[in-house]
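Structure at a glance
Listed below are the residues making up each chain.
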Amino acid sequence: MNDIRFDNRIAIVTGAGSGLGRCYALEFAKRGARVVVNDPGGALDGSGNNAAAADKVVAEITATGGKAVASYDSVASVEGGKNIVRTAVEAFGTVDILVNNAGILRDKSMLKLTEDDWDAVMNVHVKGAFCVTQPAFAVMKEKGYGRIVNTTSGAGLYGNFGQANYIAAKMALVGLMNSVATEGAKSNILCNCIAPVAASRMTENLMPQEMLAKLKPEFIAPLVLYLCSENSKTSKMIFNCAAGWFSRTEVLCAQGTVIGDGKRDIAPEEVADAWDIIASLENARPLSSVVESFSYLSGVL
Ligand code: NAI
């Protein structure tokens, strides 16, 4: 097995002041990357600022001979995103790797969610990932190399109670990945999603201690590093990752059935009659793009 190294690679990790992001930043640096540790600090709900969050991680990296700079901008604005990427370019000359990891939580059940809860979560997770990806993508496209990882979640992919804002945001990151991977393919820009489960301040009150002890953030970093490695060819894929479990998960399209001939009307009763096959996932598979779904319509279109 070849060593996975990041010598001469520049990595931006957003939300790297704690939890998973800190772990990625340390691991990238250990393997030779120069790292932008982005984090404005602040509480789990996104309130407040604290430069110490990013500074501490930079100090941890430099104490062991690694190279890192702090960035205190919020990802959640165009200006913030540009500043984060500018920090990488000014400190280290370029950006090769971006891990969109920054996140906050404002969990409430459907009827209790406020507009502010919705906007705050969307702004950090979705707008934030876009705001950093766009200027990073510009640099990566120019040089013909880039590795981007978005952080989705099992709650987004499979559902959970009381997190409509977070769940919608996390699925939007899959959409952003589809777009970045498709537009980046020609320029060797790969983009994937991870759905981690790990002990952090985000999960410390959600699971029992014995479980949390096994869900080390250190178990997620190897997947992120592999996806960001030079030899990886993987793009536009989603991976579950928890406590040493690694698995691919996908949005699938099944064969289904064609009713009618594209000309005559279709009655809801015909949909009812064909429901077993319409709702079946038999032979379901991931599609490379929306255009591929038209292949199921041959004979009609
Ligand atoms: P965490 O709360 O320890 O880390 C999130 C970091 O993002 C914090 O350091 C925070 O200051 C930073 N952040 C918040 N708003 C920011 C902003 N506007 N700009 C830049 N940074 C900002 O939580 P954890 O668990 O490490 O989460 C990391 C990512 O993984 C998040 O996107 C989270 O949604 C996701 N995730 C975590 C899971 C878990 O089991 N821990 C499960 C599924 C997804």
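Calculation criteria
- Residues numbered from 1 in each chain as written.
- Predicted model: local features only at pLDDT ≥ 70, side-chain atom pairs only at ≥ 80, totals over all residues.
- Heavy atoms only, no water.
- Patch = residues over 30% accessible without salt bridge, like charges linked within 9 Å, V, L, I, M, F, W, Y side chains within 5 Å.
- Areas by Shrake-Rupley, 256 points an atom, 1.4 Å probe, with all protein chains shown as cover.
- Salt bridge = Lys/Arg side-chain N within 4 Å of Asp/Glu carboxyl O.
- Helix = DSSP H or I, 4+ residues; strand = E, 2+ residues; numbered from the N terminus.
- Buried < 20%, exposed > 50% of the residue type's maximum accessible area, 1.4 Å probe, protein only.
- Contact = heavy atoms within 4.5 Å.
- Near = heavy atom within 4 Å.
- Polar contact = N/O pair within 3.5 Å; in protein donor to acceptor, adjacent residues only side chain to side chain.
- Nonpolar A, V, L, I, M, F, W, Y, C, P; charged D, E, K, R; others polar.
- Axes fitted to C-alpha atoms, helices over the stretch in contact; angles between N-to-C directions.
- Parallel < 35°, antiparallel > 145°, perpendicular 65-115°, else oblique.
- Left-handed = near helix turned anticlockwise from the far one by under 90°.
- Pairing = 2+ DSSP bridges.
- 1 Å grid on protein atoms, 1.4 Å probe; cavity = no way out; pocket = protein on both sides within 12 Å on 5 of 7 lines; lining within 4 Å.
- Points joined across faces, edges and corners; volume = space filled by probe spheres on them.
- Phe/Tyr/Trp six-rings, centres within 6.5 Å; stacked < 30°, edge-to-face > 60°.
- Lys NZ or Arg CZ within 6 Å of the ring centre and 35° of its normal.
- Domains from an automatic or database assignment.

**What about a nonpolar patch on the surface?**
A cluster of nonpolar side chains, Val258, Val290, Val291, Phe294, Leu297 and Leu301, forms an exposed patch at the surface whose accessible area comes to about 590 Å². Considering the arrangement of structural elements, one finds Phe294 in the segment after helix 11 (290–293). On the basis of relative accessible area, Phe294 is assigned to the partly exposed category, the value being 46%.

**Some points on the side chain of Ser187**
Mapped onto the elements, Ser187 comes out in the loop between helix 6 (164–184) and strand 6 (189–197). Assessed through its relative accessible area of 11%, Ser187 is described here as buried. When neighbours within four sequence positions are excluded, Ser187 is seen to be in contact with Met140, Lys141, Gly144 and Tyr145.

**What about the site of the ligand?**
Within the structure, the ligand sits among 29 residues, and Asp39, Asn101, Tyr166, Ser200 and Arg201 are positioned closest to it. Within the side chain of Ser74, a nitrogen or oxygen atom sits 2.9 Å from a nitrogen atom of the ligand. A distance of 3.3 Å is found between an oxygen atom of the ligand and a backbone nitrogen or oxygen belonging to Gly103. Considered on its own, the ligand offers 820 Å² of accessible surface; in the complex 96% of this is hidden by protein. Elements with a minimum of two residues in the shell around the ligand: helix 1 (19–30), helix 4 (115–143), helix 6 and strand 6. The class makeup of the residues in the shell around the ligand is 12 nonpolar, 14 polar and 3 charged.

**Details of the packing of helix 1 against helix 2 (residues 52–63)**
Running from amino to carboxyl end, helix 1 crosses helix 2 at an angle of 25°, the nearest separation of the two axes being 10 Å. Between helix 1 and helix 2, the crossing angle belongs to the class labelled roughly parallel. In this structure, the crossing between helix 1 and helix 2 has a hand that is right-handed. On the side of helix 1, the interface is formed by Arg22, Ala25, Leu26 and Ala29, while helix 2 contributes Val57, Glu60 and Ile61. Per-class residue counts for the contact of helix 1 with helix 2 are 5 nonpolar, no polar and 2 charged.

**A look at the sheet that holds strand 2 (residues 34–38)**
Sheet strands pair by backbone hydrogen bonding; their relative direction is either parallel or antiparallel. Pairing within the open sheet is mixed, and its 8 strands lie in the order 3-2-1-4-5-6-7-8. Across the chains shown, the open sheet's two edge strands, defined by having one partner strand only, are strand 3 (67–71) and strand 8 (245–249). Across the sheet, the axes of successive neighbouring strands diverge by a mean angle of 20°, strand direction being ignored. Summarising the sheet, strand 6 and strand 7 (residues 238–242) pair through 5 bridges and their orientation is parallel.

**Focus: empty space enclosed by the protein**
By the definition in use, this model includes 1 cavity of 30 Å³ or more. For the largest cavity, the calculated volume is near 70 Å³. Surrounding the largest cavity, 13 residues form its lining, Asn100, Asn101, Ala102, His125 and Ala129 being those nearest its centre. In terms of residue count, helix 4 provides more of the lining of the largest cavity than any other element does, 5 residues in total. Across the lining of the largest cavity, the residue classes break down as 6 nonpolar, 6 polar and 1 charged.

**Comments concerning the packing of aromatic side chains**
Using the criterion set out here, one finds 1 aromatic pair in the structure. Taking 5.1 Å as the distance between ring centres and 80° as the angle between the ring planes, the aromatic pair formed by Phe6 and Phe28 counts as edge-to-face. Residue Phe6 is located in the segment before strand 1 (10–14), and its partner Phe28 is located in helix 1; the two are separated by 22 residues in the primary sequence. Stacked on the ring of Tyr145, the Lys or Arg Arg9 has its end atom at 3.7 Å from the ring centre.

**A word on the layout of surface pockets**
Its volume calculated, the second largest pocket comes out at about 350 Å³. Considering every element that reaches the lining of the second largest pocket, the biggest residue donor is helix 6, with 4 residues. The residue inventory of the lining of the second largest pocket, partitioned by class, reads 8 nonpolar, 5 polar and 3 charged. Counting the residues that make up the lining of the second largest pocket, at least three belong to each of domain 1 (10–249) and domain 2 (252–301).

Just geometry here; none of it tells us what the structure is for.
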